[in-house]
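# Structural overview
The primary structure of each chain is shown beneath.
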Amino acid sequence: MKLLNKLFPKFKDEASDDNSSDIDQLQLATCVLLIEVSKSDDDFDTQEQEKIKDLVKKKFNIPQDKIDSIFIYCNKEHDTMTSLYDWTEVINKECNYEQKCMIIGFMWDIAFIDSKIDKYEDFTIRKVADLIYVKHKDFIALKNDRATSVSYTHLTLPTKRIV
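Residues numbered from 1 in each chain as written. Predicted model: local features only at pLDDT ≥ 70, side-chain atom pairs only at ≥ 80, totals over all residues. Heavy atoms only, no water.

What follows covers the packing of helix H6 (residues 97–111) against helix H7 (residues 119–131). Close contact between H6 and H7 brings their axes to 10 Å; oriented N to C, the two are set at 175 degrees. Judged on the interaxial angle alone, H7 and H6 are roughly antiparallel. Contact residues: Ile 104, Met 107, Trp 108 and Ala 111 in H6; Glu 121, Asp 122, Ile 125, Val 128 and Ala 129 in H7. In terms of residue class, the contact of H6 with H7 is built from 7 nonpolar, no polar and 2 charged. (Axes fitted to C-alpha atoms, helices over the stretch in contact; angles between N-to-C directions. Helix = DSSP H or I, 4+ residues; strand = E, 2+ residues; numbered from the N terminus. Parallel < 35°, antiparallel > 145°, perpendicular 65-115°, else oblique. Contact = heavy atoms within 4.5 Å. Nonpolar A, V, L, I, M, F, W, Y, C, P; charged D, E, K, R; others polar.)

Dropping the structure here:
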């Protein structure tokens with residue numbers, strides 16, 4: 001997107017609208033990466049969307065009346081993206097290591113919403129962790145931490161006894 005703007009400065013980006021002035025690049029990058037995880041298993045459900053909004057709202061102190069429009073804008077940006085690099089580049093420039101780990105933790109929170117990890121969710125988080133230089137041991141520790149914090153009270157064990 002930035003490259004196109006540099007090459008063709010006279011043309012205004014069609015994706016930009018009034019919401020683009022309400023969100024900075026770090027907020028946008030974080031939200032787009034969370035949406036990427038949510039959509040990676042082809043099940044972009046309401047529970048995941050609400051969790052993304054909640055995480056972004058709390059992390060960046062976004063007022064309730066703006067979060068929906070920011071989320072819609074981020075979702076449009078996600079749908080037009082061609083690579084994760086633009087977003088991971090922002091994370092690398094603006095975040096320290098601890099903040100990068102926090103973002104990976106948020107990604108695990110989204111992936112564990114349905115109490116299971118799809119292989120594509122795992123792959124996406126692993127790819128982002130590599131692109132933002134999060135160590136593998138921290139990637140695994142964050143995954144395990146989030147896995148143990150998930151509530152499994154709604155799951156039932158089979159009562160049939162296997163002999």
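From this point, the discussion proceeds with the structure in view.
This part covers the environment of Thr 124. Take Thr 124: it is sitting in helix H7. Those residues in contact with Thr 124 that sit more than four places away from it in its chain are Glu 36, Val 37 and Ser 40. For Thr 124, the side chain forms a polar contact with the main-chain oxygen of Tyr 120, separated by 2.8 Å. (Polar contact = N/O pair within 3.5 Å; in protein donor to acceptor, adjacent residues only side chain to side chain.)

This part takes up unusual backbone geometry. The phi angle at Asn 61 is positive, at roughly 50 degrees, despite the residue not being glycine. With respect to the helices and strands, the residue Asn 61 is situated in the loop between helix H3 (46–60) and helix H4 (64–80). Its relative accessible area of 68% is what places Asn 61 among the exposed residues. Positioned with a positive phi, Tyr 133 is a non-glycine residue whose angle comes to about 65 degrees. Within the secondary structure, Tyr 133 sits in the loop between H7 and helix H8 (136–149). (Buried < 20%, exposed > 50% of the residue type's maximum accessible area, 1.4 Å probe, protein only.)

Ile 104 and Met 107 are the most contacted members of the largest nonpolar core, which has 41 residues in total. Contributions of two or more residues to this core are made by helix H2 (25–40), H3, H4, helix H5 (85–94), H6, H7 and H8. Among the elements that make up this core, the one with the highest residue count is H2 (9 residues). Here Met 107 is in contact with Leu 33, Leu 34, Val 37, Ile 125 and Val 128, once residues within four sequence places are set aside. (Core = buried A, V, L, I, M, F, W, Y, C linked by side-chain atoms within 4.5 Å.)

Now for the pattern of salt bridges. Evaluated as defined, the whole model comprises 10 salt bridges. Note that Lys 143 is salt-bridged to Asp 122, the shortest N-O span being 2.8 Å. A residue pair is termed long-range when its members are at least 10 positions apart, and Lys 143 in helix H8 and Asp 122 in helix H7 qualify at 21 residues. According to the relative accessible area criterion, Lys 143 is partly exposed, its value standing at 22%. One connected set of salt bridges, linked through shared partners, spans Glu 50, Lys 53 and Asp 68. (Salt bridge = Lys/Arg side-chain N within 4 Å of Asp/Glu carboxyl O.)

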